[in-house]
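Coordinate inspection notes
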Amino acid sequence: MPDAPLALRAVERRYRTEAGELPVLRGAELDLFAGEIVALVAPSGTGKSTLLHVAGLLEKPDAGRVLVEGRDSGGLSDDARTALRRDTIGFVYQFHHLLPEFTAEENVVLPQLAANRPRREAEARARELLATFGLADRGHHRPTRLSGGEQQRVAIARALANGPKVLLADEPTGNLDVGTADRVFAELLEAVRGRGVAALIATHNPELAARMDRTVTLRDGLIVPT
Ligand SMILES: Nc1ncnc2c1ncn2[C@@H]1O[C@H](COP(=O)(O)OP(=O)(O)OP(=O)(O)O)[C@@H](O)[C@H]1O
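You'll find the chain entered in an unreviewed UniProt entry as ABC transporter ATP-binding protein, with Muricoccus nepalensis given as the organism. Its UniProt record gives the chain a comment under Sequence similarities (unreviewed entry), which states: "Belongs to the ABC transporter superfamily. Macrolide exporter (TC 3.A.1.122) family."

1. A few points about the pairing of strand S2 (residues 20-32)
Here strand S1 (residues 6-17) pairs with S2 via 10 bridges, running antiparallel. In the sheet register, Val-11 faces S2, and the bridge partner there is Ala-28. Once S1 ends, the chain turns through 2 residues before running back antiparallel as S2.

2. Looking at the sheet that holds strand S3 (residues 37-40)
The strand order across the open sheet built from 6 strands is S6-S7-S8-S3-S9-S10, with neighbouring strands paired in mixed fashion. Single-partner strands in this sheet number two, and they are strand S6 (89-92) and strand S10 (222-225). The sheet shows a mean angle of 25° between the axes of neighbouring strands, direction not considered. Strand direction decides the pairing type here: S3 and strand S8 (residues 198-202), joined by 4 bridges, are parallel. Across the sheet, the residue bridging to Val-38 is Leu-200, located in S8. The sheet contacts of helix H2 (residues 78-88) involve S6 and strand S7 (166-170), and relative to S6 the element is tilted by about 75°.

3. Let's talk about the packing of helix H5 (residues 148-160) against helix H6 (residues 178-195)
Their axes nearest at 10 Å, the elements H5 and H6 cross at an angle of 15°. When the axes of H5 and H6 are compared, the pair comes out roughly parallel. Of the two possible hands of crossing, H5 and H6 adopt the one that is right-handed. For the pair H5 and H6, contact is made by Gly-149, Arg-153, Ile-156 and Leu-160 and by Thr-180, Arg-183, Val-184, Glu-187, Leu-188, Ala-191 and Arg-195, respectively.

4. Some remarks on helix H3 (residues 104-114)
Those residues of H3 lying buried are Ala-104, Glu-105, Asn-107, Val-108, Val-109 and Gln-112. Of the surrounding elements, those touching the buried residues of H3 are helix H4 (119-132) and H5. Of the residues trailing H3, Asn-116 is marked for its positive phi of about 70°.

5. Quick word on the sheet that holds strand S5 (residues 71-72)
Overall, antiparallel pairing links the 4 strands, which are arranged S2-S1-S4-S5 in an open sheet. Looking at the sheet topology across the chains shown, the edges are occupied by S2 and S5. Bridge count for strand S4 (residues 63-68) against S5 is 2 bridges, and the pairing is antiparallel. Considered in S5, the bridge of Leu-67 is made with Asp-72. Strands S1, S2 and S4 of the sheet are contacted by helix H1 (residues 48-55), whose axis makes an angle of about 125° with S1.

Quick notes on the rules
- Residues numbered from 1 in each chain as written.
- Predicted model: local features only at pLDDT ≥ 70, side-chain atom pairs only at ≥ 80, totals over all residues.
- Heavy atoms only, no water.
- UniProt positions renumbered as here; feature names shortened; annotations may be inferred.
- Pairing = 2+ DSSP bridges.
- Helix = DSSP H or I, 4+ residues; strand = E, 2+ residues; numbered from the N terminus.
- Axes fitted to C-alpha atoms, helices over the stretch in contact; angles between N-to-C directions.
- Contact = heavy atoms within 4.5 Å.
- Parallel < 35°, antiparallel > 145°, perpendicular 65-115°, else oblique.
- Left-handed = near helix turned anticlockwise from the far one by under 90°.
- Buried < 20%, exposed > 50% of the residue type's maximum accessible area, 1.4 Å probe, protein only.

Now the structure itself:
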């Protein structure tokens with residue numbers, strides 16, 4: 001069997017605060033398999049964002065291992081970690097974080113150029129991805145000229161631009177009105193399912209969680225099924 005796209009082994013993460021050390025993750029374990037979509041539903045402040053940042057190689061664990069397709073990210077140089085993240089992991093945030101001075105298409109092109117894809121190929125892929133999300137005629141708009149739902153669709157297209165094995169999302173539709181959130185979420189799930197990507201999606205919305213394959217929560221710094 002191939003390695004899980006993402007695995008966490010005994011992952012610990014603690015923050016130093018004025019009140020002392022705050023242990024947020026205390027031995028978290030997770031196997032995220034290709035094609036499965038896992039909901040992360042946990043009360044505010046229990047460590048969802050911390051978990052996603054550590055799983056996404058944006059923060060290093062204080063102990064334990066984060067394995068991407070079986071490869072331990074622990075011993076890598078900063079550059080090698082960045083390259084591994086860029087080539088294998090897509091991130092969608094609650095707020096789109098698109099670059100305001102670039103068009104929608106350029107926002108989807110840029111991560112591909114960073115991954116050394118030739119510009120023409122990157123542009124073709126960006127147009128194809130944007131079309132998937134119903135944005136074929138919005139590619140030349142800057143983010144401020146797009147609706148909230150359109151901005152978030154572009155952010156999803158950007159996350160998928162380098163063909164990630166893993167998609168991590170932190171309240172990806174949390175900033176949208178209910179109807180738009182519902183549609184964008186359905187499109188996100190369809191895009192992830194269609195590509196066989198392993199996804200971990202944090203949400204406070206039980207209805208959205210119910211549309212995923214399984215749900216996990218955080219309890220005392222551990223990932224547990226619900
Ligand atoms: N850089 C940091 N320094 C100190 N403490 C932090 C830092 N980042 C997060 N924390 C603390 O760690 C705990 C977990 O935070 P985290 O943002 O991961 O929770 P969360 O479950 O995502 O919350 P929410 O649902 O409200 O976004 C919180 O108590 C938070 O205050």
